[in-house]
Amino acid sequence: MSSSPATRSQASLSPSASQSRPISHDIPLETLVSHLLASKRSLSSISTVWRANEIVTTARSFLEESVKLSAKTGFVRNCITDQAKLLGQVRRGVENVSKDGHSEFEAVIESLDRANKRLESTMDVLRSTMVQAAFRPVAEEPRSLLDFIDEHSVDTIRDAIKASIRESREAQSSFSTSILSFDDDLRELKAAITSAPRLNASQSNASLTESPIPENLHALETHAQEMASLLDSLVNHYDACVDAVRHTEGGYAAVRDATSNQPPDAEHVSMSGVMSTSQTGEEQPLSEEERKEMLIVLENDAGQVDDVVAELRERLDEMELRYEAIQEHVSKLKEAYDATVSAYKILGSISVHLPGYLMAASDFRMHWDETKEQIQEQLDELENMRLFYEQYYNSYDGLLLEAYRRNHSEQKIKNLIKKTMEQIDKIREADMQERESFRAEVSDYLPGDLWGGVGDAAPKWAIQQLSSENKQSVESPNLERSVVEAAKRREKERMNYKR
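Predicted, not measured: the structure shown is a model, and the values here were computed from it. (Residues numbered from 1 in each chain as written. Predicted model: local features only at pLDDT ≥ 70, side-chain atom pairs only at ≥ 80, totals over all residues. Heavy atoms only, no water.)

A. Broad picture of the overall build of the chain. When you go through the chain residue by residue, the secondary structure sums to 11 helices and zero strands. For the chain, the succession of helices and strands along the chain, N to C, is α-α-α-α-α-α-α-α-α-α-α. Residues counted as buried form 34% of the 499 residues belonging to the chain. Pairs at least 24 residues apart make up 88% of the contacts formed inside the chain by residues separated by at least 6 positions. For the chain, the exposed area adds up to about 31,100 Å²; of that, 52% sits on carbon and sulfur atoms. (Helix = DSSP H or I, 4+ residues; strand = E, 2+ residues; numbered from the N terminus. Buried < 20%, exposed > 50% of the residue type's maximum accessible area, 1.4 Å probe, protein only. Contact = heavy atoms within 4.5 Å. Areas by Shrake-Rupley, 256 points an atom, 1.4 Å probe, with all protein chains shown as cover.)

Laid out in structure tokens, this is it:
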């Protein structure tokens, strides 16, 4: 095979290709047998050619069907489009009654969504902010800021808002049964029209006839022809392998041994499927030059068998893709036709219901005004709750800074105590030395019971922290510097924002 599948040019196993590289004058029998088995396995690719022929035949029938479907669908669709325009004008007249209330409702819903997202964002911050372990008992599980507040009030407000929205929607749904039925019919009609591929208001009728089938069919036919040629090359190569083995001494025995000891992961090739004993009879001997030329061609072609099989598969894969495109197009045409017929039937039912759709009703406006005021009050409660949570989060940063301040003050005291104790220790050491010198000088002259404490060591001194008001003394939490710095940064950003 002289070209790859990527170029989509015809490739074959031929003697002319063998001139591209030299090989030895003879090939080992084991190699010949290996080439023979490989060429036999490659013939299983005939299934790809059968499938290619099946695809081409079916694609041709699809072309005829697509032309008929396009013509019928286009005609009926034009009729429905004209009637749908008239119905649209009638619907717009009815819509003006509820348009203002609906737009206000949507605006309120958007405000609620924004408020709820802001609240959720604030609660997420509380949920993700873990209380520093230094603030809590040692054995306690980690807790977030959200764990210390009651979320029930938020759920209560949300439930009240949902109830108000539900009441408003019920009012809208009861606005007019006839108008809602009109909307349902129009939506059903529009859905039926637009369900067909390429059928929408922005496209012309001609778009329905823009078919990809002719181009794809031409490509399929070309691929099928090329695949037939490739399969013919594989058959010729297989015949050449059989001839080479038959003209080699011990060929049949080697083939029989190879077929009985095939790798478990290789496609099984039976003895009868490769060559029979009838093929090993007396053959017309070949001259050395003829054998040399045959082996050169065979060796070069054997190296291209896998490429040929791969190209057959690649071409079939591309055919399958194009065939799927054709199927998809015809399927869309069928859907368009079925949807168009359904839309025409719906159009007939709308003409019966139309007088009832022109009726108006209702106290919707008054009910909506009351509901809107109620929702606004609930929205204010939701926002106040968010501000409270936000201040709670800000206060936690203040708590971190206060804990740091206290710990810093305590560290100053401890440092002062440390320095004081160092001075006391120095004085005590000097006192000890003076006492020892004194005892050495007068111990022989003073009675031991004259002053019982003359021989005592210098007293030890300590500075002790006092607990406050019946509470156990607890040191201020020692927070990581990164935690404190982050709190300082957030506090500074808030101050700058207020300015």
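Right, picking up where we left off after that structure.
B. Seen up close, a negative patch on the surface. A cluster of acidic side chains, namely Asp363, Glu370, Glu373, Glu377, Asp380 and Glu381, defines a negative patch on the protein surface. As for its placement among the helices and strands, Asp363 is situated in the loop between helix H9 (305-357) and helix H10 (364-442). (Patch = residues over 30% accessible without salt bridge, like charges linked within 9 Å, V, L, I, M, F, W, Y side chains within 5 Å. Salt bridge = Lys/Arg side-chain N within 4 Å of Asp/Glu carboxyl O. Lys, Arg positive; Asp, Glu negative; His and termini not counted. Charge placed at Lys NZ, Arg CZ, Asp CG, Glu CD.)

C. Up close: the side chain of Asp397. Assignment of secondary structure puts Asp397 in helix H10. A distance of 2.7 Å separates the side chain of Asp397 from the side chain of Arg490, its partner in a polar contact. In this structure, Asp397 is in contact with Ala487, Arg490, Glu491 and Arg494, ignoring residues within four places of it in sequence. (Polar contact = N/O pair within 3.5 Å; in protein donor to acceptor, adjacent residues only side chain to side chain.)

D. Spatial organisation of a nonpolar patch on the surface. Together, Phe438, Leu446, Leu450 and Trp451 make up an exposed nonpolar region whose accessible area comes to about 460 Å². Looking at where Phe438 falls in the secondary structure, it is placed in helix H10.

E. The arrangement of the environment of Arg158 in detail. Within the secondary structure layout, Arg158 lies in helix H3 (residues 152-173). On a C-alpha basis, the gap between Arg158 and Asn116 in space is 8.8 Å, while along the polypeptide they are 42 residues apart.

F. Local environment of the pattern of salt bridges. A complete count under the given rule lists 22 salt bridges for this structure. Residue Lys372 is joined to Glu104 by a salt bridge in which the shortest nitrogen-to-oxygen separation is 3.3 Å. With a gap of 268 residues between them, Lys372 in helix H10 and Glu104 in helix H2 (residues 46-128) connect regions that are remote in the sequence. A relative accessible area of 27% places Glu104 in the partly exposed class. The salt bridge partner of Arg405 is Glu402, with a shortest N-O separation of 2.6 Å. Linking Arg405 with Glu402, this pair stays in helix H10, spanning three residues, or about one helical turn. The class for Arg405 is partly exposed, based on a relative accessible area of 44%. Members of the salt-bridge network, linked through shared partners, are Arg118, Glu383, Arg386 and Glu390.

G. Here's a closer look at the side chain of Thr122. Examined against the element boundaries, Thr122 turns out to sit in helix H2. With near-sequence residues (within four places) excluded, Thr122 lies in contact with Arg386, Tyr389 and Glu390.

H. View of the packing of aromatic side chains. The tally for this structure, following the rule as stated, stands at four aromatic pairs. An angle of 25° between the planes, with centres 6.1 Å apart, marks the rings of Phe62 and Tyr323 as stacked. Of this pair, Phe62 sits in helix H2 while Tyr323 sits in helix H9, and the two are 261 residues apart along the sequence. Assessed through its relative accessible area of 14%, Phe62 is described here as buried. Of the residues examined, Tyr323 reaches a relative accessible area of 8% and is grouped as buried. With 6.3 Å between their ring centres and 80° between their planes, Phe135 and Tyr396 make a pair best called edge-to-face. With Phe135 in the loop between H2 and H3 and Tyr396 in helix H10, this residue pair connects regions lying 261 residues apart in the sequence. The exposure class assigned to Phe135 is partly exposed, which follows from its relative accessible area of 23%. Lys72 extends its terminal NZ or CZ atom over the ring of Tyr337, reaching a point 4.6 Å from the ring centre. Across from the ring centre of Phe148, 4.1 Å away, lies the NZ or CZ of Arg143, which sits over that ring. (Phe/Tyr/Trp six-rings, centres within 6.5 Å; stacked < 30°, edge-to-face > 60°. Lys NZ or Arg CZ within 6 Å of the ring centre and 35° of its normal.)

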